[in-house]
Amino acid sequence: MSHPLSYLHDQLEQWRAEGAYQRLRILESASAAESRFDGKQVINLASNNYLGLTTHPKLREAAIQAVKDFGVGSGAVRTISGTMRIHMQLEERIAAFKNVEACVVFQSGFAANAGTVSAILGPDDHIVSDELNHASIIDGCRLSRAKIHVFPHKDVAAAEKILAELDNVPGHKLLVSDGVFSMDGDIGALPGLVEAAEKHGAIMMVDDAHSSGVLGRQGRGTIDHFGLHGRVQVQVGTLSKAIGVLGGYVCGSRDLIDFLYHRARPFLFSTSHPPAVAAACLAAFDVLEQEPQRMENLWENTKYFKQGLTSAGFNTGISETPITPVIVGEAKVAHGLSRELFAAGVLATGIGFPTVAKGKARVRTIVTATHTKPELDQALEVFQKVGKKMGILV
Ligand SMILES: *Cc1c(COP(=O)(O)O)cnc(C)c1O
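Residues numbered from 1 in each chain as written. Predicted model: local features only at pLDDT ≥ 70, side-chain atom pairs only at ≥ 80, totals over all residues. Heavy atoms only, no water.

Trainee: What is the right way to read the packing of helix α3 (residues 85-98) against helix α11 (residues 275-290) from this model?
Mentor: A pair of packed helices is captured by two measures, namely the crossing angle of their axes and the spacing between those axes. For the pair α3 and α11, the least separation of the axes is 9 Å and the interaxial angle reads 25°. Classified by the angle their axes make, α3 and α11 are roughly parallel. Judged by the sense of rotation from one axis to the other, the crossing of α3 with α11 is left-handed. Here Ile-86, His-87, Gln-89, Leu-90, Arg-93, Ile-94 and Phe-97 of α3 come into contact with α11, specifically with Pro-275, Ala-278, Ala-279, Cys-281, Leu-282, Phe-285, Asp-286, Leu-288 and Glu-289. The residue makeup of the contact of α3 with α11, split by class, is eleven nonpolar, two polar and three charged. (Axes fitted to C-alpha atoms, helices over the stretch in contact; angles between N-to-C directions. Helix = DSSP H or I, 4+ residues; strand = E, 2+ residues; numbered from the N terminus. Parallel < 35°, antiparallel > 145°, perpendicular 65-115°, else oblique. Left-handed = near helix turned anticlockwise from the far one by under 90°. Contact = heavy atoms within 4.5 Å. Nonpolar A, V, L, I, M, F, W, Y, C, P; charged D, E, K, R; others polar.)

Below is the structure:
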């Protein structure tokens, strides 16, 4: 008899043969503009650490103090005995920042999306979802058992057509989009989608994982960027990217948050954050307000680096944010490019199918506020040299 899990081995062998097998790179320093991976110091263009907060002294200080005051764990799920004062303070802080009534913090952005969609919708409901929405939204949709209607990327007319067809169909309707799309770095078509949702009485939900700390006043996200306050009922964000720590949150009405306190499964059945996580997140919101220079640097670096890549002749697609893909076509080429870049001192991840469409494989870059001009120049030089060597640039 073969081992009952031997089919996993067979699949792994096939991935190895196809060059799709991914070995994990080991980070041996803090995540920062320059980091050491696998024993090699490289310019890090592969993190979501947009504002450089992972190593900010105020966040470190807050986390250390919380460990001293409250220990390392919360001891239970939120609904049993694991709601600490600092968890409540963080939720109040985020709600005020986002200009909404209330906020609930989850263990991750993934848990926030999956837990929320599956809690507020059921089998008799309908979800209208952008084809490029994040996996955690898709999983939430599936867990809800609602009927899922997918529309082509940012196609407001297509979304509205689906909503119109559902006008006389019973059930709640949810229209959901990422605020910024994580693979192409383009901004969601939110004004049009919000209008469509209002016209057809649908709940509007936006996932601002890649926009909080990046877009809007002091990083308030896409709702602030587009001036859509009060018109998006479910606002999701993450504390794991620009905020530099870990976690996810949902902002909205007091009723929405109270409902999630009672029904969101990751909230009910998984232990809350250690106090150090909540404390560091709270400190991050102070920094967002006190150090606007960080967001300015982020956007200055973004423009500089994007300009450098496009004028070198790379295809950077439709990006409008610090996420800048270098689209090369075949997954093999993308992974090869990533390897060559690393050898030359630049970390940027190769991404292929199924994360992006076939033929649209890419190396994804994300600059941060803390990259220096010399670092960006060095990275551009490496990109050019490797691009020519591999025949991607002519
Ligand atoms: C990263 C991401 C998430 C997940 O956030 P985590 O806090 O890392 O779990 C959710 N949605 C989108 C759009 C993301 O890019």
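Having seen the model, we can carry on.
Trainee: So what exactly am I meant to see when it comes to the sheet that holds strand β3 (residues 102-106) here?
Mentor: Across a sheet, strands are paired by hydrogen bonds formed along the backbone, either parallel or antiparallel in direction. Spatially, β3-β9-β8-β7-β6-β4-β5 is the arrangement adopted by the seven strands of the open sheet, whose pairing is mixed. Of all the strands in the sheet, the pair left with one neighbour each is β3 and β5 (147-151). Neighbour to neighbour, the strand axes of the sheet diverge by 20° on average, direction disregarded. The pairing of strand β8 (residues 234-238) with strand β9 (residues 248-252) spans four bridges and is classified as antiparallel. When the bridges of β9 are listed, Thr-238 appears paired with Gly-248. In the packing of helix α7 (residues 190-199) onto the sheet, the strands contacted are β5, β6 (173-178) and β7 (203-207), and the crossing angle to β6 comes to about 175°. (Pairing = 2+ DSSP bridges.)

Trainee: How should I be thinking about the pattern of salt bridges in this particular structure?
Mentor: Side chains that carry opposite charge are capable of pairing whenever their charged atoms lie near each other. The full count for this structure, using the stated rule, is 18 salt bridges. Between Arg-78 and Glu-91 there is a salt bridge, and its shortest N-O distance comes to 3.0 Å. Within this pair, whereas Arg-78 is found in the loop between α2 (57-70) and α3, its partner Glu-91 is found in helix α3, the two being separated by 13 residues in sequence. By relative accessible area, Glu-91 is classed as buried at 3%. Across the salt bridge formed by Arg-294 and Glu-291, the nearest N and O atoms sit 2.7 Å from each other. Relative accessible area serves as the criterion here: at 21%, Glu-291 is assigned to the partly exposed category. (Salt bridge = Lys/Arg side-chain N within 4 Å of Asp/Glu carboxyl O. Buried < 20%, exposed > 50% of the residue type's maximum accessible area, 1.4 Å probe, protein only.)

Trainee: Looking at this model, I keep getting lost on the nonpolar core. Mind explaining?
Mentor: Tyr-50, Leu-51, Leu-90, Ile-94, Leu-239 and Phe-285 are the most contacted members of the largest nonpolar core, which totals 43 residues. Looking at this core, the elements that each hand over two or more residues are α2, α3, β3, β9, α11 and α12 (293-312). The element that contributes the greatest number of residues to this core is α11, accounting for twelve residues. Residues from two domains meet in this core; each of domain 1 (19-50 + 292-389) and domain 2 (57-290) gives at least three. With residues near it in sequence (within four places) discarded, Leu-90 still touches Val-105, Leu-239, Ala-278, Cys-281, Leu-282 and Phe-285. Membership of the second largest hydrophobic core comes to 25 residues, among which are Phe-106, Ala-119, Ile-120 and Ala-264. (Core = buried A, V, L, I, M, F, W, Y, C linked by side-chain atoms within 4.5 Å. Domains from an automatic or database assignment.)

Trainee: Would you mind going over the site of the ligand with me for this structure?
Mentor: Around the ligand, a shell composed of 15 residues is seen, among which Gly-109, Asp-207, Thr-238, Ser-240 and Lys-241 lie nearest. Measuring from a nitrogen atom of the ligand, one finds a side-chain N or O atom of His-134 at 3.4 Å. Within the side chain of Thr-238, a nitrogen or oxygen atom sits 2.7 Å from an oxygen atom of the ligand. Here the ligand has 380 Å² of accessible area as a free molecule, and 86% of this is covered by the chains. Here the shell around the ligand gets three residues from one element, more than from any other, and that element is helix α4 (residues 109-120). Here the shell around the ligand is built from residues that sort into two nonpolar, ten polar and three charged. (Near = heavy atom within 4 Å. Polar contact = N/O pair within 3.5 Å; in protein donor to acceptor, adjacent residues only side chain to side chain. Areas by Shrake-Rupley, 256 points an atom, 1.4 Å probe, with all protein chains shown as cover.)

Purely geometric numbers; function is a separate question.
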